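Examining the three-dimensional arrangement
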Amino acid sequence: MSEYKLVHGRSPVFYKRFERKEENQHQTHYCPGCGHGVTHKMIAEALDELGLQDRTIMVSPVGCSVFAYYYFDTGNVQAAHGRASAVATGLKRANPGAIVISYQGDGDLAAIGTAEIIHAANRGENITVFFLNNATYGMTGGQMAPTTLVGQVSTTTPWGRRPNNEGGPIKMAELISTLDAPVYVERVALSDSKHIIQARRAVKKALELQKQGAGFTMVEILSPCPTTLKMEPKMARRWVGETLAKEFPLGVFRDRKRVFEPISVPQASLAEVLGIDGKSVTKEEGHVRRKHTRATTLKIAGFGGQGILLLGQLIAETGMREHMEVSWLPSYGPEMRSGSAHCHVTLSPERIGSPMVSHPDILVAMNEPSLRKFGAQVKPGGTILYNGRSLPEDLHFDGVTVACVPASAIADQIGSTKVANIVMLGALLEATDCLPFTTAQEVLSSLAKNPELTEKDERALEEGRNYLDTEVMVGAQAGPDGCGE
Amino acid sequence: MRQLCKGNVAVVKAAIMAGCRFFFGYPITPASEIAEYAALLIPQVGGTFVQAESEVSAINMVYGASSAGKRVMTASSGPGISLMQEGISYLAGAELPCVIAEVMRSGPGLGNIAPEQSDYFAMTKGGGHGCYRNIVLAPSSVQEMASLTLLAFELADKYRNPAVLLADGFVGQMMEPLELELVEAALPEKPWAVKGNLETRPNLICSIHLTPDAMEAHVRHLEEKYKQCERDEARWETYLTEDAEVLLVGYGIVSRVLRSTVDLARQQGVKVGLFRPISLWPFPSKALVETARRTAKVMVFELSTGQMVEDVRLALGGSKPVEFYSRVGGNVPSAEECKAELFARMEVSV
Ligand SMILES: Cc1ncc(C[n+]2csc(CCOP(=O)(O)OP(=O)(O)O)c2C)c(N)n1
């Protein structure tokens, strides 16, 4: 066993003096016979043997080992109860070159932190978890742990752990080994010298694997807590070997390479991800723009799936390229996913106050329910564009211009129901003159990704405009309030 | 060059400009686009996005990456923020900077996804345990979603403390022109971080101080930082307050509505002005007192049953009558509604 030299005296990975402790700086705070001390020693020695001291970050949990940072002369981070493996995840992702150890007790790992450990393991975080299972809550004075044995008395199981009330002990090594990602999972016991030597081997192997970047490693260490067991240290060790290890079988549960095909992410320049590389947006500059003097407010409404929100965005984008201030406010969430959708658009030469439009200058109603719901809100002198050949017979709107455009029918003729919103955009620009047609055309061609659709979009825009050119509008003929000049 | 951009997306772009390359999150409406765009954009510039198993884990991953000295953020809304509170307390206790974007929805409980401002207390007063504060900034436009995200990263590092971008569903979901410059933030040195190397080996990140004296010293140290922050970091904006008889107060989306309310009221010859807190903590108390000095009355509008209004009353110390109008549940009042309410309280008949 030459690779395991027996070390007497203190490992150089421990501080010479425990200066972070208030008093008794030459000894640990652990009780005599506690497994934490032995485990610390095994870790320190393995780190030393592997030459990892400088690279190591120890995450101490909440539990008796909360003060691991008193002892380990490594980088140290203390975590909230149960969160050590999430904290370790953040640390490792931020420092891929570091050796990150998540040191956790059974309450920490298998009760309050169950989700964190399962998911860190499942992601295959390249960290090492040392899971000290002492079947009790040591720090808080011997309450039941998730690993407490059936019948075992604790301060919160005064009649012994009752499976009918508390369930049975959770076997974390087995559980973690059901996942694909972990590369090494072993359970060891601090019951006697033979088993302690095996434990040392496991601790070192886990760290060595992390050093190689192999993936997620965990060693579950069955450990004596003489204080809460109310046993002599020797008896407690024997209990670990004879009783605890019976419930929690020792052995290697996982030891294999992780094989998977990584999916790579294309890299982009900062300007590209920020959307200021000039590709996605045509410049606002360099065009002669009309001077817009007044604000226009729009409400666009219809069924989800009719491209209501996109139509609003196209109008807002066109307004922005016309150097106006614009805002677009959608209905969002489940409403959007199910039945209806609507959005509010404001175009203004000045800074916009409320982006909500209660009385629009222009209503685009892509279906009848929207017309009924919002029609009466339109400002006097405003415009309604309705997706239909004519208004429903019972509906009349006084003092507003109404343009009926069978946008869906026109879109169907073009060959795509989807472009009904673009037909409506064409009609809207013709009916209200609130934005120039050419700018809208530019927006449409710069935003479209699929060339086939672009062609249909352009036709739709054109046909929407032409339809109104040839059809007579109903109602007042004056332009809506606030549009253009 | 302006781009039409959603508020939530602007947060991610600004975070990237701030040098944030780590995002840990969990989806929730109306904040989800922040996680979605972080997932899309941050890995393309060599960064890391992890969808955590819960907000509890997300904030603790933030804690880990922040311990390593990186600029890091997360985003959520009401229920998720409740789950993050423990972690936020630990971050403040361990003096770790990070940015948390909250896009508020209606509560309590599952509530709904429509906008409210009901997490003002949770964020400004410290929703977790212990004596700590978050730096809280309240954007009211898409441009501010970006500029205040940048500021949040700066202040978080300056004070080694969590900074919160407290937006609401409307500001998060809204699209407006956004102007970004191609500058990358200079990242500050963080000699206290734990990086897994020889220089930082002596460093310790923790919030535990076992003896009462040590703990008191630590809490006093935090208190000092918060006092300095209160002195130096209050931010606000005013609109037509010079001759105002009534001062309207509101933040976030409400301030946008109130700006229109001011215009409407003035069109009818009623002189009102607007005070908009930009930093909710520290609350711009001094500036508010100064601005309100010339007005007869103050009227607070909020999407909660009365949270920020407490800070307004505290600041004014009874020196002015403070009226309060609230809408909740996801209802956002229109400018007309606010004007009608204002006129009723002023006993203006129009
Ligand atoms: C959120 C939270 N709940 C409860 C506690 C109290 N607490 C501190 S340690 C501990 C149990 C630790 O037990 P375990 O993880 O088994 O470690 P051990 O002390 O046995 O080593 C508990 C419940 C806490 N600190 N935080």
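Residues numbered from 1 in each chain as written. Chains lettered and ligands numbered in written order. Predicted model: local features only at pLDDT ≥ 70, side-chain atom pairs only at ≥ 80, totals over all residues. Heavy atoms only, no water.

Structural notes on the overall build of chain A
Across its full length, chain A holds 18 helices and 14 strands. Over its C-alpha atoms chain A spans a radius of gyration of 35 Å, topping by over 25% the 23 Å that the globule rule assigns to 485 residues. The dimensions of chain A, computed from C-alpha atoms along their principal axes, are 100 × 50 × 45 Å. Expressed as a percentage of the 485 residues in chain A, the buried residues total 56%. Here the contacts in chain A between residues at least 6 apart in sequence split such that 67% fall between residues at least 24 apart. Between the mean site of the 50 positive side-chain charges and the mean site of the 53 negative ones, chain A shows a separation of 12 Å. (Helix = DSSP H or I, 4+ residues; strand = E, 2+ residues; numbered from the N terminus. Rg over C-alpha atoms; globule rule 2.2 N^0.38 Å. Buried < 20%, exposed > 50% of the residue type's maximum accessible area, 1.4 Å probe, protein only. Contact = heavy atoms within 4.5 Å. Lys, Arg positive; Asp, Glu negative; His and termini not counted. Charge placed at Lys NZ, Arg CZ, Asp CG, Glu CD.)

Notes on the domain arrangement of chain A
Entries for chain A in the domain assignment read domain 1 (35-255) and domain 2 (296-470). Measuring from the centre of the C-alpha atoms in domain 1 of chain A to the corresponding centre in domain 2 of chain A gives 61 Å. (Domains from an automatic or database assignment.)

As for the sheet that holds strand 13 (residues 279-281) of chain B
Residues and elements named next belong to chain B. The strand order across the open sheet formed by seven strands is 3-2-4-5-7-6-13, and the pairing between neighbours is mixed. Looking at strand neighbours, the two that pair on one side only are strand 3 (48-51) and strand 13, the edges of this open sheet. Strand-to-strand, the axes of this sheet are offset by a mean angle of 20°, without reference to chain direction. In terms of strand pairing, strand 5 (residues 98-104) meets strand 7 (residues 162-168) through seven bridges, oriented parallel. Bridge pairing links Glu102 to Leu166 in strand 7. (Pairing = 2+ DSSP bridges. Axes fitted to C-alpha atoms, helices over the stretch in contact; angles between N-to-C directions.)

Brief notes about the interface of chain A and chain B
Between chain A and chain B, the residue contacts involve 72 residues of the former and 73 residues of the latter. A buried area of about 5900 Å², summed over both sides, lies between chain A and chain B, and 63% of it is on carbon and sulfur atoms. The interface formed by chain A and chain B holds six salt bridges in total. For the pair chain A and chain B, the interface holds 28 residue pairs in polar contact (both at pLDDT 80 or more). At the level of secondary structure, the elements contributing two or more residues to the side of chain A that touches chain B comprise helix 2 (68-71), strand 2 (75-78), helix 3 (84-94), helix 5 (114-123), helix 11 (270-274), helix 12 (308-321) and strand 9 (325-330) of chain A. For the side of chain A that touches chain B, the element with the most residues is helix 3 of chain A, which contributes seven residues. Partitioned by chemical class, the residues of the side of chain A that touches chain B number 37 nonpolar, 21 polar and 14 charged. In the sheet, strand 2 of chain A pairs with strand 9 (residues 204-205) of chain B via two bridges, with the strands oriented parallel. Across the sheet, residue A:Asn76 finds its bridge partner in strand 9 of chain B, namely B:Leu204. (Buried area = accessible area lost by both parts, 1.4 Å probe. Salt bridge = Lys/Arg side-chain N within 4 Å of Asp/Glu carboxyl O. Polar contact = N/O pair within 3.5 Å; in protein donor to acceptor, adjacent residues only side chain to side chain. Nonpolar A, V, L, I, M, F, W, Y, C, P; charged D, E, K, R; others polar.)

Focus: the site of the ligand
Close to the ligand lie 17 residues; A:His36, A:Cys64, A:Asp106, A:Asp108 and A:Gly138 are nearest. In this structure, the ligand sits where chains A and B come together, each supplying nearby residues. A:Gly107 is positioned with one of its backbone polar atoms (N or O) 2.9 Å from an oxygen atom of the ligand. One of the backbone nitrogen or oxygen atoms of A:Met139 is found 2.9 Å away from an oxygen atom of the ligand. For the ligand, the protein covers 76% of the area, taking 590 Å² as the surface of the free molecule. Among the elements that take part in the shell around the ligand, helix 4 (residues 106-112) of chain A stands out by supplying four residues, more than any other. Split into classes, the residues belonging to the shell around the ligand amount to five nonpolar, nine polar and three charged. (Near = heavy atom within 4 Å. Areas by Shrake-Rupley, 256 points an atom, 1.4 Å probe, with all protein chains shown as cover.)

Things to note about unusual backbone geometry
Cis geometry marks the peptide bond from B:Thr29 to B:Pro30, where omega comes out at 5°. Inspection of the secondary structure assignment puts B:Pro30 in the loop between strand 2 (22-25) and helix 2 (32-41). Here the phi dihedral of A:Asp433 falls at roughly 60°; this positive angle occurs in a residue that is not glycine. Looking at the secondary structure, you find A:Asp433 in the loop between helix 16 (420-432) and helix 17 (437-447). Positive phi, normally seen in glycine, also occurs at B:Leu240, with a value near 50°. Tracing the sequence through the fold places B:Leu240 in the loop between strand 10 (236-239) and strand 11 (246-249).

A look at the environment of A:Arg351
Structurally, A:Arg351 can be placed in the loop between strand 10 (340-348) and strand 11 (362-365). Put simply, A:Arg351 and A:Glu462 are 111 residues apart on the chain and 32 Å apart in space, counted from C-alpha to C-alpha. The residues contacting A:Arg351, other than those within four sequence positions of it, are A:Glu325, B:Glu237, B:Arg259 and B:Arg276. Here the side chain of A:Arg351 touches B:Glu237 through a polar contact of 2.9 Å, side chain to side chain.

Some thoughts on helix 8 (residues 212-232) of chain B
Residues and elements named next belong to chain B. If you check helix 8, its first and last C-alpha atoms are 30 Å apart, about what 21 residues at 1.5 Å a residue would give, namely 30 Å. Residues of helix 8 that are buried: His218, Leu222, Lys225, Tyr226 and Cys229. Here the buried residues of helix 8 occupy an arc of 95° about the axis, which is enough to place them on one side. Opposite the buried face of helix 8, by more than 90 degrees, sit the exposed residues Pro212, Asp213 and Arg231. Residues of helix 8 that are buried sit in contact with helix 4 (78-93), strand 6 (135-137), helix 6 (142-159) and strand 13. (Expected span 1.5 Å × (residues − 1). Arc of directions from axis to C-beta.)

Some words on the pattern of salt bridges
Scanning the entire structure with this criterion turns up 42 salt bridges over all chains. Between B:Glu176 and B:Arg256 there is a salt bridge, with its nearest N and O atoms 2.7 Å apart. Separated by 80 residues along the polypeptide, B:Glu176 in strand 8 (residues 175-179) and B:Arg256 in helix 9 (residues 253-267) bring together distant segments of the chain. For B:Arg256, a relative accessible area of 6% puts it in the buried group. Residue B:Arg345 pairs with B:Glu341 through a salt bridge whose shortest N-O separation is 3.0 Å. Of this pair, B:Arg345 and B:Glu341 both sit in helix 12 (residues 335-346), separated by four residues, roughly a single helical turn. Residue classification places B:Arg345 among the partly exposed residues on the basis of a relative accessible area of 22%. In this structure B:Glu341 comes out as partly exposed when scored by relative accessible area, which is 22%. The network of salt bridges with common partners includes A:Lys41, A:Glu45, A:Glu49, A:Arg200 and A:Lys204.

Quick notes on the side chain of A:Ser191
Within the fold, A:Ser191 resides in the loop between strand 5 (184-189) and helix 8 (193-211). A polar side-chain atom of A:Ser191 sits 3.4 Å from a polar atom in the side chain of A:His195.

Considering the domain arrangement of chain B
Residue and element names in this part refer to chain B. Each domain of chain B was delimited in the assignment, giving domain 1 (2-232) and domain 2 (237-346). Each of domain 1 and domain 2 has a C-alpha centre, and the two are 28 Å apart. In this complex, domain 1 contributes 33 residues to the contact, which on the side of domain 2 involves 26 residues. Overall, the association of domain 1 and domain 2 removes approximately 2400 Å² of surface from exposure, summing both partners, and the carbon and sulfur fraction of that is 56%. Counting the surface domain 1 buries against domain 2, the share from its top three residues, Gln117, Tyr120 and Phe121, is 30%. Our count for the domain 1 to domain 2 interface comes out at three salt bridges.

Some thoughts on the environment of B:Val270
Residue and element names in this part refer to chain B. When you line up the elements, Val270 lands in the loop between helix 9 and strand 12 (272-277). The class for Val270 is buried, based on a relative accessible area of 8%. Separated by 26 residues in the primary sequence, Val270 and Ala244 place their C-alpha atoms 8.5 Å from one another. Not counting the four nearest positions on each side in its chain, Val270 is found in contact with Ala265, Phe343, Met346 and Val348.

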